[in-house]
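Here's the letter readout for the chains.
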2 protein chains.
Amino acid sequence: MTDGFDFKAYLNQARQRVEAALDGSLAPERPESLREAMRYSLLAGGKRLRPILCLAACELAGGDAEHAMPTAVALEMIHTMSLIHDDLPAMDDDDLRRGRPTNHKVYGEAVAILAGDALLTRAFEMVALRSPGVPPERLLKVVGELSLVAGAPGLVGGQVVDLESEGKEVDFDTLEYIHLHKTGALLSACVITGATIGGADPALISALRVYARGIGLAFQIIDDILDITASSEVLGKTAGKDLVADKTTYPKLLGLEESRRRADALVGEAKDVLKPWEQRAMPLLALADFITSRDR
Amino acid sequence: MTDGFDFKAYLNQARQRVEAALDGSLAPERPESLREAMRYSLLAGGKRLRPILCLAACELAGGDAEHAMPTAVALEMIHTMSLIHDDLPAMDDDDLRRGRPTNHKVYGEAVAILAGDALLTRAFEMVALRSPGVPPERLLKVVGELSLVAGAPGLVGGQVVDLESEGKEVDFDTLEYIHLHKTGALLSACVITGATIGGADPALISALRVYARGIGLAFQIIDDILDITASSEVLGKTAGKDLVADKTTYPKLLGLEESRRRADALVGEAKDVLKPWEQRAMPLLALADFITSRDR
């Protein structure tokens, strides 16, 4: 299905464009300490899967990926702010992220909290004030989608339930609630906002919601598996932390084998739903495999 | 100039409408603990001056105040989130706010941080998804204005400089920078967003920026004065705290008398600029006096 499509080159090129856009997005921030703290986490590397999903969905919908770039940057800002706040001592109390000290370890708790707040609002600024060439109706829909995914109905709600579940026996529904809100909702927003900017019809939007739900849950299952099987060095964060904190995970609930089977099934469903779009869906099909691969 | 205008009745009625809108704005939030923390601070009383400024500016521009109500609620949400985060132990470490324990004292730091994040994103949701009857172009401008005021160019930037200034000798420019960003920017956003929804022309927008800058600085000067002259009981927060923390304030830099003179001059200028709008500007003229009165 992906014959003739050079995914590696596609990914490489998309990443470079995203990195350049991220780098250019924070120039006027003041004061200096705040700007540094924002840049430290936003430009900390990573695979930039969320922005790339957004650009790919825009193109699948027939749009120009450049029009979706400010929104792609906004999505990475929201992702980054949620990592900064989740890592805080009052929350998950993490010292390492992507192989480097976490934001609050470098800049202190106060600036870390504020850098997160500033990235969150900056995300909305990117869409509302820095997205030339996109009709206001579409941008307003994007703002709405981002507001839901970043707040109580998304990342924040998931994090609260996650914190409340620590050290407790948690059932399967609660586990899925946490992951759909903490991971799935944002991945979904990536493709929905990209497709919206590209002018997608309702059929494509519906298909992309199914696609995103599948890869979102699969992504989290793989994450849980990696937390058990990989070492701290490979992950660049404190491995085995979920087990230490007695967090509920898929492997803990279902076992490693069944977790892997479930992830594969979810990726399969996600890809099937995009079949009607054939060749144009190739980047998103390849991304589904990549995002949920064992060595991503 | 305010003959025949019953400001007390106007304020009372506006407050009741704002309270009802605030109360109705958070119903579907989940989980329960997050919803409670959000409601605790958002519905903690207060004079609701920011939402009322927004509604008044919308009407001055010739618009229907009901159209501006979701934005008025959004402004109070942004104000509330900044108070919750500023009160945190890592920031100003305040135990009391409006005569009650601060958010983190009741719900813990983690939920307080997340309740702030959720209120901030909910503000954008109010504008983007819950503002029926307003053209998307205007709503997108409102989103842009809110994104600037809540982030690094506004509240967050002001708070960072404020924290960095503690225990230091701070010059007048830095003091004004802090207050223009922490207080003035949001008051300005109140009237600008309200006027934008009401369809204001550029002349009115310009005048309102001058108006807001004047009352914003005057408001802060009065706040500094009250911090010295009033008791904890009257303020409902820890009085004299600025002096204890060795914060730079207007009275400290200029003396009490000169601070009062400066506040009066600023209010005078703010009112002058709205004179061309005559009777229709009455609510905003009365609000300028009220906001900067000694016993507000």
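Description of the structure in this document. These numbers come from a predicted model, not from an experiment.

Points about the overall build of chain A
Then step 1. Looking only at helices and strands, chain A features 15 helices and two strands.
Then step 2. Taking 2.2 N^0.38 as the reference for a compact globule, 296 residues should give roughly 19 Å; the C-alpha atoms of chain A span a radius of gyration of 18 Å, in line with that estimate.
Then step 3. Counting only C-alpha atoms, chain A reaches 50 × 45 × 35 Å along its principal axes.
Then step 4. Evaluated residue by residue, chain A yields a buried proportion of 57% over its 296 residues.
Then step 5. For chain A, restricting intrachain contacts to residue pairs at least 6 apart in sequence, the fraction spanning at least 24 positions comes to 73%.
Then step 6. Just so you have it, chain A exposes about 11,300 Å², and 51% of that area is on carbon and sulfur atoms.

Description of the relation of the copies chain B and chain A
Then step 1. When chain B is fitted to chain A, the residual RMSD is 0.0 Å, and the transformation amounts to a turn of 180 degrees plus an axial shift of 0.0 Å. As the rotation angle and translation indicate, the two copies are arranged about a two-fold axis.

Considerations on the interface of chain B and chain A
Then step 1. Listed per partner, the contact involves 42 residues of chain B and 42 residues of chain A.
Then step 2. Across the interface of chain B and chain A, roughly 3,600 Å² is buried in total on both sides, 79% from carbon and sulfur atoms.
Then step 3. When the buried area of chain B at its contact with chain A is split by residue, B:Leu114, B:Thr121 and B:Leu140 rank highest and sum to 16% of it.
Then step 4. At the junction of chain B and chain A, the tally comes to zero salt bridges.
Then step 5. For the pair chain B and chain A, the number of links is four residue pairs in polar contact (both at pLDDT 80 or more).
Then step 6. If you tally residues by element for the side of chain B that touches chain A, the top one is helix 6 (residues 109-129) of chain B, at twelve residues.
Then step 7. Counted by class, the side of chain B that touches chain A contains 27 nonpolar, eight polar and seven charged residues.

A look at the packing of aromatic side chains
For any pair of aromatic rings, the description consists of the separation of the ring centres together with the inter-plane angle of the planes.
Then step 1. Scanning all chains against the criterion turns up 13 aromatic pairs over all chains.
Then step 2. With a centroid separation of 6.2 Å and 45 degrees between ring planes, the pair formed by A:Phe5 and A:Phe7 is classed as tilted.
Then step 3. Measuring from ring centre to ring centre gives 5.5 Å for B:Phe5 and B:Tyr10, while their planes differ by 55 degrees; the resulting arrangement is tilted.
Then step 4. Taken together, A:Phe5, A:Phe7, A:Tyr10 and A:Phe290 form an aromatic cluster joined through their ring pairs.

Considering helix 8 (residues 155-165) of chain B
Then step 1. When you tally the buried positions in helix 8 of chain B, you get ten out of eleven residues, the bulk of the element.
Then step 2. Listing the buried residues of helix 8 of chain B in full gives B:Leu155, B:Val156, B:Gly157, B:Gly158, B:Gln159, B:Val160, B:Val161, B:Asp162, B:Leu163 and B:Ser165.
Then step 3. In this fold, the buried residues of helix 8 of chain B make contact with helix 2 (32-42) and helix 6 (109-129) of chain A together with helix 4 (65-87), helix 7 (136-150) and helix 9 (172-197) of chain B.
Then step 4. Looking one or two residues past helix 8 of chain B, B:Gly167 carries a phi angle of roughly 75 degrees, positive in sign.

Quick notes on the environment of A:Met77
All names here are of chain A.
Then step 1. By the element assignment, methionine 77 lies in helix 4 (residues 65-86).
Then step 2. The class for methionine 77 is buried, based on a relative accessible area of 0%.
Then step 3. Note: C-alpha distance between methionine 77 and leucine 43 (34 residues apart in sequence) is 9.9 Å.
Then step 4. Apart from the residues lying within four places of it in its own chain, the contact partners of methionine 77 are Ser25, Leu26, Leu42, Leu119, Arg122, Ala123 and Met126.

Some thoughts on the state of the cysteines
Residue and element names in this part refer to chain B.
Then step 1. If you walk through the whole model with that rule in mind, you get zero disulfides over all chains.
Then step 2. For cysteine 54, which is in no disulfide, the shortest distance to another cysteine sulfur is to cysteine 190 and amounts to 6.5 Å.
Then step 3. Using a relative accessible area of 0% as the deciding quantity, one classes cysteine 54 as buried.
Then step 4. No disulfide involves cysteine 58; its sulfur sits 6.9 Å from that of cysteine 54, the nearest cysteine.
Then step 5. For cysteine 58, a relative accessible area of 1% gives the class buried.

Details of helix 14 (residues 256-272) of chain A
Since the α-helix advances by 3.6 residues per turn, residues separated by three or four positions end up pointing in the same direction.
Then step 1. Across its 17 residues, helix 14 of chain A extends 25 Å between first and last C-alpha, which sits within 8% of the 24 Å expected from 1.5 Å per residue.
Then step 2. Contacts from the buried residues of helix 14 of chain A go to helix 10 (202-229), helix 13 (250-254) and helix 15 (282-291) of chain A.

Brief notes about the environment of A:Ser165
Residues and elements named next belong to chain A.
Then step 1. Relative to the helices and strands, serine 165 resides in helix 8 (residues 155-165).
Then step 2. Residue class for serine 165 comes out buried when judged on its relative accessible area of 9%.
Then step 3. Spatially, the C-alpha atoms of serine 165 and threonine 248 are 7.7 Å apart, while their sequence positions differ by 83 residues.
Then step 4. Setting aside its immediate chain neighbours within four residues, serine 165 contacts Val170, Thr174 and Ile178.
Then step 5. A polar atom in the side chain of serine 165 sits 2.6 Å from the backbone oxygen of valine 161.

Digging into the pattern of salt bridges
Then step 1. With the rule as written, the count across this model stands at 36 salt bridges over all chains.
Then step 2. The partner of B:Lys182 in a salt bridge is B:Asp162, with the nearest N and O atoms 2.9 Å apart. Taken as a pair, B:Lys182 in helix 9 and B:Asp162 in helix 8 lie far apart in primary sequence, 20 residues in all.
Then step 3. Each of A:Glu19, A:Arg48 and A:Glu76 takes part in a single network of salt bridges with overlapping partners.

Focus on unusual backbone geometry
Residue and element names in this part refer to chain A.
Then step 1. The backbone phi angle of arginine 48 is positive, close to 60 degrees, even though this residue is not glycine.
Then step 2. Tracing the backbone through its elements, the reader meets arginine 48 in the loop between helix 2 and helix 3 (49-60).
Then step 3. Residue class for arginine 48 comes out buried when judged on its relative accessible area of 1%.
Then step 4. One non-glycine residue with positive phi stands out, namely glutamate 278, at about 45 degrees.
Then step 5. Residue classification places glutamate 278 among the exposed positions, given a relative accessible area of 56%.

Analysis parameters
Residues numbered from 1 in each chain as written. Chains lettered and ligands numbered in written order. Predicted model: local features only at pLDDT ≥ 70, side-chain atom pairs only at ≥ 80, totals over all residues. Heavy atoms only, no water. Helix = DSSP H or I, 4+ residues; strand = E, 2+ residues; numbered from the N terminus. Rg over C-alpha atoms; globule rule 2.2 N^0.38 Å. Buried < 20%, exposed > 50% of the residue type's maximum accessible area, 1.4 Å probe, protein only. Contact = heavy atoms within 4.5 Å. Areas by Shrake-Rupley, 256 points an atom, 1.4 Å probe, with all protein chains shown as cover. Least-squares fit on C-alpha atoms with pLDDT ≥ 70 in both. Buried area = accessible area lost by both parts, 1.4 Å probe. Salt bridge = Lys/Arg side-chain N within 4 Å of Asp/Glu carboxyl O. Polar contact = N/O pair within 3.5 Å; in protein donor to acceptor, adjacent residues only side chain to side chain. Nonpolar A, V, L, I, M, F, W, Y, C, P; charged D, E, K, R; others polar. Phe/Tyr/Trp six-rings, centres within 6.5 Å; stacked < 30°, edge-to-face > 60°. Disulfide = S-S within 2.5 Å. Expected span 1.5 Å × (residues − 1).

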